[in-house]
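# A closer look at the structure
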Amino acid sequence: MNFAVTPYHATIAHILEGLAEAIYDYIYVRHKEPQHIIEALLAAGIPKEQLIAHRDISLVTTYDVAGVHFRETDCLQVFKQQFPNKLAGQSVHSQEAAIIAASQQADYLFFGHVFPSASKQQQTPKGLTTLQRVCQAVSIPVIAIGGMHIGVEQQIRAVGAHGMAMISSIFSRFDVLVVGGGVMGCATAWRLAEAGQRVAVIEQQTIGSGASNAAGGMLGAQNEWAEENPLQPFALEAREAYPALQRELLALTGIDIEWQNAGLIKVADTALEQQALTTQYAYWQQHEVAWFDDVSQCDAYVHAACGLYFQRDGQVNARQLTEAYKQAMLRYDVQVFEHEQVVDVFDGGVRTIHQTLFADKVVVTTGAWGDADCVSPVKGECVMLHAPDVQLEKTIFHANGCYIVPKANHRFLIGATSIANDFSRHVTAKGVQWLLDQALRIVPALATAAIVETWTGLRPQTRDGLPLMGLHPTIPNVYVHQGHYRNGILLSHCLSEKMARLILGDRAILTQVEAFSPSRLMKEVST
Amino acid sequence: MTITVNGHNMDIPLSCNTIAQLLAHLKLKETLAIVEQNGHILSKKTYATQQLHQQDTIEIVQFVGGG
């Protein structure tokens, strides 16, 4: 005995759209204009025997609907006397109220809210155990309400309930839920919404607050690797797509992602570091890379023993990119829930602390958050300097991991330390000390620069260093798209576009990204 | 045994006898590391067989990029 409960302010078009995909026995018309909705439903061919009105007995007289549903404090006796053959339902919120309603000849009860529900975010849900006690206390049908959907029907019936009353799972469905609002989630949501999907992004804190807003923004498609790697072809493709991406995002959102292409010099000092550069140079075989024994010949600002100049590894402003993805997805009506932590992902939706959201598909883009066995954070600290007299334009990347990325308005982004398995967000003194020691050694002209900002980011690292991209190994209709470690910014658009196409039905993508299959790391673990 | 890695003294388990085992112990990928043992840069091919000794001075440079 399942009920579809209409949202109070919904249009008839929205109501009919939801009903078309749903399975129900009754429609409980709880609405600000009940007569209008009842007439429209009847006109659409829905039989009056499926309709339940809200509290107003005259609607039975006028439309001969199946029954009336009452509030906990209402008295049913007048209605039962006048219409003994019609259904009288009542909402109750406790075992005591259930017993009273049953004694007043109610034909069925709504009890809830059982699970977290959008309609009752401020109150604690009652849970299955209380539902079971209510079902045991009365002999009339008890219908569960609050966070109900087809996926929990078995659990509900197992504790003795006769059915469910559903609102959101019928009338507030999305096509895709995106869990995690970093560059991967936002870029994927943008392309899905652009293709006509109804999308929501659910973010535990604020958009970009994990790694995305902290990144240096380097498009190091060549700098990142000195050997074959399955990510490399995607990295090169992604890097080349950036000028077009900048134009597209600028036109769509007005935001300039500040793509720069002055190239990147990788520098080394010790014999060991020089060996690393030699190896990397040999791998790239002079393809768009030049060796410098005297780095000052490549750039007068840089002091180092030797260097590799990758002329095509450019950079972007990561915060502008994140904001541009966000505005792009808002442009296509993506709904954004911030400060909402998802606690459960299932086939058909997600549950947060406050509510349950329903969709045909879910994609998990949670970055450093997930099963600790598969993905873990590598904390990085950064410093932003301001030096109006330094004309450095190239990115400088030292073999020891310190980098200097010139940004707009005479700023220089110095990054980054690496602290494994650390979720903390404070910047440490020794982190800043190391960053500045390195930066000033490599570019001494920065000594008089002003320190304008320090921050942290949490890089998402997987157990084997390759991202997770594809189908969830155990939960149907759930996709995974996370773990891009040091190359999230570079890969964000290219891989998210492929993820969107996969979600839209292009299964050929799975073969392309086979090396990143989630099942290779996730096994039987869910979420 | 006790060795020095990148300037830090480190106690490593007895089961760490080779460079390859040391890298595994430090959770570093072999292919992404260049190793110097007592001033000599090692060839990657020898990581699996090259023995570690008490008081060895080891320097490791990891390939990193991106950010």
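Read on for an overview of the structure.

Criteria and thresholds
- Each chain carries its own residue numbering, running from 1 in the direction its sequence is written.
- Following the order in which they are written, the chains are lettered starting with A and the ligands numbered starting with 1.
- Local features in this predicted model are restricted to residues whose pLDDT is 70 or higher, and side-chain atom pairs enter the listing and the counts only when it is 80 or higher, whereas totals over whole chains, interfaces and linings include all residues.
- Heavy atoms from the whole structure form the basis of all side-chain values; hydrogens and water molecules are not counted.
- A run of DSSP states H or I qualifies as a helix once it reaches four residues; a run of E qualifies as a strand once it reaches two. Both are numbered from the N-terminal end.
- Using C-alpha atoms as the atom set, the radius of gyration is obtained and then compared with a globule rule of 2.2 Å times the number of residues to the power 0.38.
- For the accessible areas, the method is Shrake-Rupley and the probe is 1.4 Å, while residue cover comes only from the protein chains on display.
- By the counting rule applied here, Lys and Arg register as positive and Asp and Glu as negative, while His and the ends of each chain are not counted.
- In plain terms, the charge of a residue is placed at NZ if it is Lys, CZ if Arg, CG if Asp and CD if Glu.
- Only protein chains enter the accessibility calculation, which uses a 1.4 Å probe. A residue is then buried if its area is under 20% of the maximum for its type, exposed if over 50%, and partly exposed in between.
- Only heavy atoms enter the contact rule, under which two residues are in contact if any of them lie within 4.5 Å.
- What counts as buried area is the accessible surface, traced by a 1.4 Å probe, that two parts surrender upon association, with contributions from both included.
- Take a side-chain nitrogen of Lys or Arg and a carboxyl oxygen of Asp or Glu: if they are within 4 Å of each other, that pair is a salt bridge.
- Each polar contact in these results corresponds to two N or O atoms within 3.5 Å; when the atoms are within protein, one needs to be able to donate a hydrogen and the other to accept it, and residues that are neighboring in sequence are counted only if both atoms are side-chain atoms.
- For this classification, the nonpolar set comprises Ala, Val, Leu, Ile, Met, Phe, Trp, Tyr, Cys and Pro, the charged set comprises Asp, Glu, Lys and Arg, and every other residue, Gly included, is treated as polar.
- Under this scheme, a helix contributes an axis fitted over its contacting stretch, all axes are lines through C-alpha atoms, and angles between N-to-C directions fall in the 0 to 180 degree range.
- Geometric relationships in this document are graded by angle, where less than 35 degrees denotes roughly parallel, more than 145 denotes roughly antiparallel, 65 to 115 denotes roughly perpendicular, and other angles denote oblique.
- Put simply, a crossing is left-handed when the front helix is turned counterclockwise from the back one by less than a right angle, and right-handed when it is turned clockwise.
- When two rings of Phe, Tyr or Trp (its six-membered ring) have centres within 6.5 Å they constitute a pair, described as stacked for plane angles under 30 degrees, edge-to-face for angles over 60, and tilted for the intermediate range.
- Charge over a ring is defined by NZ of Lys or CZ of Arg lying within 6 Å of the ring centre and within 35 degrees of the ring normal.

With that settled, the discussion passes to the overall build of chain B. Within chain B, the secondary structure is distributed over one helix and five strands. Ordered by position from N to C terminus, the α and β elements of chain B give β-β-α-β-β-β. Against the globule reference of 11 Å for 67 residues, chain B gives a C-alpha radius of gyration of 11 Å, in line with a compact fold. Considered along the principal axes of its C-alpha atoms, chain B spans approximately 35 × 25 × 20 Å. For chain B, the computed accessible surface area is about 3,600 Å², with 53% contributed by carbon and sulfur atoms. Of the side-chain charges in chain B, 4 are positive and 5 negative, and the distance between the mean point of each set is 14 Å.

Here we take up the side chain of S496 of chain A. Residue and element names in this part refer to chain A. Looking at where S496 falls in the secondary structure, it is placed in helix α15 (residues 488-503). Exposure remark for S496: the relative accessible area of 0% places this residue in the buried category. Residues in contact with S496, not counting those within four places in the same chain, are V183, M184, A187, T188, H481 and L491.

By convention, interface size is frequently given as the accessible area that disappears when the constituent parts associate. Each partner contributes to the interface: chain A provides 23 residues, whereas chain B provides 16 residues. Here chain A and chain B share an interface that buries about 1,500 Å² over both sides, 64% of which is from carbon and sulfur atoms. Taken together, the connections running from chain A to chain B amount to zero salt bridges. Taken together, chain A and chain B are joined by eight residue pairs in polar contact (both at pLDDT 80 or more). For the side of chain A that touches chain B, the element with the most residues is helix α12 (residues 271-284) of chain A, which contributes seven residues. When grouped by side-chain class, the residues that make up the side of chain A that touches chain B number nine nonpolar, eight polar and six charged.

This paragraph deals with the packing of helix α1 (residues 12-20) of chain A against helix α2 (residues 34-43) of chain A. Residue and element names in this part refer to chain A. At their nearest, the axes of α1 and α2 sit 10 Å apart, and the two run at 50 degrees to each other. The angle between α1 and α2 places the two elements in the oblique class. Two packed elements cross with a definite hand, and for α1 against α2 that hand is right-handed. From α1, I12, I15, L16 and L19 reach across to α2, where they touch I37, A40 and L41.

Moving on, we come to the pattern of salt bridges. Residue and element names in this part refer to chain A. Evaluation of the coordinates by the stated rule reveals 23 salt bridges over all chains. In this structure, R191 engages E194 in a salt bridge whose closest nitrogen and oxygen atoms are separated by 3.0 Å. Of this pair, R191 and E194 both sit in helix α9 (residues 183-194), three residues apart, roughly one helical turn. On the accessibility criterion, R191 (9% relative accessible area) is buried. A residue is classified by how much of its surface remains accessible, and E194, at 36% relative accessible area, is partly exposed. Salt bridges sharing common partners tie together R239, E240, E288, R312 and D313.

Attention now moves to the packing of aromatic side chains. All names here are of chain A. Evaluated as defined, the whole model comprises 13 aromatic pairs over all chains. Ring geometry for F79 versus F83: centroids 5.6 Å apart, planes at 40 degrees, classification tilted. A relative accessible area of 1% means that F79 is categorised as buried. Within the aromatic cluster, the residues linked to one another by ring pairs are F3, Y26, Y28, Y108 and F110. Its guanidinium or amino end placed over the ring of W190, R191 lies 3.8 Å from that ring's centre, counting from NZ or CZ.

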